[in-house]
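Close look at the chain arrangement
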Amino acid sequence: MSKDTPNDKSGRDTHYATLRRQVRDAKRERGEIPTPEPQKRRKPNADWTPPQLAPDQVYLYGLHTVRAALDNPERKLIKLSATQNALARLEIDNINTLPFPVDIVSPQDIDKVLGPEAIHQGVMLETRPLPLRRLEALKESPLLLVLDQITDPHNVGAIMRTAVAFGAGAVITTMRHSPTESGVLAKSASGALELIPYIQITNLSDALGELHKLGFFSIGLDSEGPQPLEGTFSGEKIALVLGSEGKGLRQKTRETVNALARLDMPGAIKSLNVSNAAAIALYASRQHLLRKA
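Computed from a predicted model, the values in this text were never measured in an experiment. (Residues numbered from 1 in each chain as written. Predicted model: local features only at pLDDT ≥ 70, side-chain atom pairs only at ≥ 80, totals over all residues. Heavy atoms only, no water.)

Quick notes on the overall build of the chain
Tallying secondary structure elements over the chain gives nine helices and 10 strands in all. Counting over 293 residues, the chain shows a buried share of 42%. Sequence separation of 24 or more characterises 77% of the internal contacts of the chain that already satisfy a separation of 6 or more. (Helix = DSSP H or I, 4+ residues; strand = E, 2+ residues; numbered from the N terminus. Buried < 20%, exposed > 50% of the residue type's maximum accessible area, 1.4 Å probe, protein only. Contact = heavy atoms within 4.5 Å.)

The structure is reproduced here in structure tokens:
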């Protein structure tokens, strides 16, 4: 809803709620009021079974995710299901002007579709998958991220969000042993799925060969790489390749990349979550590209 409307209290209510939380948090830090016990995780509903989705059917949920999808002109929208409060937080004041149907529902109605564990914030959007992208469309981008069979959608979503933050042109992964476009992936990406191409290819080695022809220098991150990442960069286009946690890069991938490199870590812990490793590697790559520019 517009915050300029005199009769609209939602903006003021949000502002005052934020102030109340800040005062309450400050009192807790001073020990004036007790810190509440952490909420117990809701028990899964044993009676719930996930819906059977068609190949071209995707359910997105969460305020940031849905807002980003609504703003994406390439996203084909089918139906929005939301509570009145969620519609206000999405700043939708007239559902009749939208080019797709809107159902006003309760949080429990969404739970029945997504399951009791989904943190949907009162909103669910049925959509079609985003259009397929091809590698040749990325030739103007100086920085790409390639994932070698990273299967956890939470990790891939976090990586996607970091890739957007550092201006990467795409996240490329395999069709097999990688998450497809889904509500879990989109929620973990917190809107980034709408902002960066997510390209799934059949053969990773062939895709790397195609990227090499497009001028990319590919660097595979390996804990036992022969030299630190910052000393490995070459050229004006970088494709970072990350392997799955535990297994790392597959042998064929190791043989195909232009170079192998490690992240030097002087501390007692020598390994990182793959999404953290991606953030460090993307930062270092961006610094190299800035120097080249």
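Section: the packing of helix α5 (residues 153-165) against helix α9 (residues 274-292)
As a packed pair, α5 and α9 sit with axes 9 Å apart at the nearest point and diverge in direction by 15°. As the angle between them shows, α5 and α9 are arranged roughly parallel. As for how α5 packs across α9, the hand of that crossing is right-handed. Along the contact surface, α5 presents N155, A158, I159, T162 and A163, while α9 presents V274, S275, A278, A279 and L282. Residue composition of the contact of α5 with α9, by class: seven nonpolar, three polar and no charged. (Axes fitted to C-alpha atoms, helices over the stretch in contact; angles between N-to-C directions. Parallel < 35°, antiparallel > 145°, perpendicular 65-115°, else oblique. Left-handed = near helix turned anticlockwise from the far one by under 90°. Nonpolar A, V, L, I, M, F, W, Y, C, P; charged D, E, K, R; others polar.)

A look at the layout of surface pockets
By volume, the largest pocket amounts to about 560 Å³. If you go around the largest pocket, you meet 25 residues; those closest to its centre are L132, R133, Y198, I199 and Q200. In the lining of the largest pocket, the residues fall into 16 nonpolar, four polar and five charged. The volume enclosed by the second largest pocket comes to roughly 490 Å³. Those elements that provide at least two residues to the lining of the second largest pocket are β9 (238-243) and α9. The residue inventory of the lining of the second largest pocket, partitioned by class, reads nine nonpolar, seven polar and five charged. (1 Å grid on protein atoms, 1.4 Å probe; cavity = no way out; pocket = protein on both sides within 12 Å on 5 of 7 lines; lining within 4 Å. Points joined across faces, edges and corners; volume = space filled by probe spheres on them.)

Describing the nonpolar core
Counting 51 residues, the largest nonpolar core has L80, L145, M160, L229, L240 and L242 as its most contacted members. The dominant element in this core, judged by the number of residues it contributes, is α9, at seven residues. In this view, L145 contacts I159, A163, A170, V171, I172, L240, L242, A278 and L282; residues no more than four positions away in its chain are not counted. Counting 18 residues, the second-largest nonpolar core is a separate cluster that includes L144, L204, V241 and L249. (Core = buried A, V, L, I, M, F, W, Y, C linked by side-chain atoms within 4.5 Å.)

What about the sheet that holds strand β10 (residues 259-261)?
With parallel pairing, the six strands of this open sheet are ordered in space as β7-β6-β5-β9-β8-β10. The outermost strands of the open sheet, each flanked by one partner alone, are β7 (198-201) and β10. Across the sheet, the axes of successive neighbouring strands diverge by a mean angle of 25°, strand direction being ignored. As defined by bridge partners, strand β6 (residues 171-174) adjoins β7 across four bridges and the pair is classed as parallel. Note that in β7 the partner of V171 across the bridge is Y198. Most of the contacts of α5 go to strand β5 (residues 143-148), to which it runs at about 170°, and overall it touches β5, β6 and β7. Packed onto the sheet, helix α7 (residues 204-213) meets β5, β6, β7, β8 (217-221) and β9 and runs at close to 165° relative to β5. (Pairing = 2+ DSSP bridges.)

Observations regarding the environment of S190
Relative to the elements of secondary structure, S190 occurs in the loop between α6 (183-189) and β7. Judged by relative accessible area, which is 24%, S190 ranks as partly exposed. On a C-alpha basis, the gap between S190 and H64 in space is 5.7 Å, while along the polypeptide they are 126 residues apart. Leave out the neighbours within four places in its chain, and S190 touches H64, T65 and R161.

Focus: the packing of aromatic side chains
The final tally for this structure, using the stated rule, is one aromatic pair. Judged by centre distance (6.2 Å) and plane angle (75°), the rings of F166 and Y283 are edge-to-face. Note that F166 is positioned in the loop between α5 and β6 and Y283 in helix α9, a separation of 117 residues in sequence. On the basis of relative accessibility, which here comes to 24%, the residue F166 falls in the partly exposed class. Look at Y283 and you get partly exposed, because its relative accessible area is 46%. Its end group placed over the ring of F216, K237 keeps NZ or CZ at 5.3 Å from the ring centre. (Phe/Tyr/Trp six-rings, centres within 6.5 Å; stacked < 30°, edge-to-face > 60°. Lys NZ or Arg CZ within 6 Å of the ring centre and 35° of its normal.)

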